[in-house]
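Chain residues, written in single-letter form:
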Amino acid sequence: MSDPNAAVARARQVADFASSELFERTFQDGMALVEETAAYLDGEGRREAKLLSRAAALAYAAESMGLTTRLMQAASWLLVQRAVREGDMSPAQACDGRYRLKLRPPSDQPTHAELPIALIELMVRAEKLLERVVYLDRRMFVDAPEAEPTNAVQNQLDRLKAAFGG
């Protein structure tokens, strides 16, 4: 971003979001889903996977890795916003491109009909969370309005006022 005013406006927008109730709810939802998913994959999911056919077990492994990846992308983005909120990172630093979510195609249907329903439900919830986080990221960093457009007439009037002591 080459316009310093736009960079300041964007950083202000990031700081405002990080201190918002929307961020707090999204953060709590995201971290709760990460914990729930980890508990499932380490417990009940592991037991369910052992009962699957070979093909379904391979699909389970692939889907659980994809699920974990999606959740970690969302969690990483949320943790950057929390770092801004807590003053550990400046809003300008959070605007750096390395903290942006990468565009990715939406996930398709589960890869195997025998996958446990609990895994599928977690996959759906993770996809919804990631969609929400991607939407917020795009609103702040891609679709965010640049600095207010300048009004040439008003600028001239202001300069005349200043020149003639108005």
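Just above, that's the structure.
Here the structure is a predicted model, which is why all the values come from computation and not from measurement.

### Some remarks on the overall build of the chain
Then, in step 1: Assigned secondary structure in the chain consists of 7 helices and 0 strands.
Then, in step 2: Reading the chain from its N end, one meets helices and strands in the order α-α-α-α-α-α-α.
Then, in step 3: Counted over contacts in the chain with a minimum sequence separation of 6, partners at least 24 positions apart contribute 80%.
Then, in step 4: Looking at the chain as shown, the accessible area adds up to about 10500 Å², and 56% of this sits on carbon and sulfur atoms.

### Topic: the pattern of salt bridges
Then, in step 1: Across all of its chains, the model carries 10 salt bridges by this definition.
Then, in step 2: The salt bridge partner of Glu-44 is Arg-47, with a shortest N-O separation of 3.3 Å. With Glu-44 and Arg-47 both in helix H3 (residues 44-50) and 3 residues apart, the pair spans about one turn of that helix.
Then, in step 3: Overall, the relative accessible area of 39% leaves Glu-44 in the partly exposed class.
Then, in step 4: Residue Arg-82 is joined to Glu-86 by a salt bridge in which the shortest nitrogen-to-oxygen separation is 4.0 Å.

### Some words on the packing of aromatic side chains
Then, in step 1: Throughout the structure, instances matching the rule amount to 3 aromatic pairs.
Then, in step 2: On the numbers, 5.6 Å between centres and 40° between planes, the contact of Phe-23 with Phe-27 is tilted. Within this pair, Phe-23 and its partner Phe-27 are both found in helix H2 (residues 21-42), separated by 4 residues, close to a single helical turn. As far as the burial class goes, Phe-23 and Phe-27 line up, both buried.
Then, in step 3: Among the aromatic residues, ring-to-ring pairing joins Phe-17, Phe-23, Phe-27 and Trp-77 into one connected group.

### Digging into the side chain of Arg-100
Then, in step 1: As for its position among the elements, Arg-100 is in the loop between helix H5 (91-94) and helix H6 (117-141).
Then, in step 2: Among the polar contacts listed, one links the side chain of Arg-100 to the side chain of Asp-137, at a separation of 2.9 Å.
Then, in step 3: With residues up to four places along the chain from it excluded, the contact list for Arg-100 reads Trp-77, Gln-81, Ala-94, Cys-95, Asp-137 and Phe-141.

The rules we used
- Residues numbered from 1 in each chain as written.
- Predicted model: local features only at pLDDT ≥ 70, side-chain atom pairs only at ≥ 80, totals over all residues.
- Heavy atoms only, no water.
- Helix = DSSP H or I, 4+ residues; strand = E, 2+ residues; numbered from the N terminus.
- Contact = heavy atoms within 4.5 Å.
- Areas by Shrake-Rupley, 256 points an atom, 1.4 Å probe, with all protein chains shown as cover.
- Salt bridge = Lys/Arg side-chain N within 4 Å of Asp/Glu carboxyl O.
- Buried < 20%, exposed > 50% of the residue type's maximum accessible area, 1.4 Å probe, protein only.
- Phe/Tyr/Trp six-rings, centres within 6.5 Å; stacked < 30°, edge-to-face > 60°.
- Polar contact = N/O pair within 3.5 Å; in protein donor to acceptor, adjacent residues only side chain to side chain.

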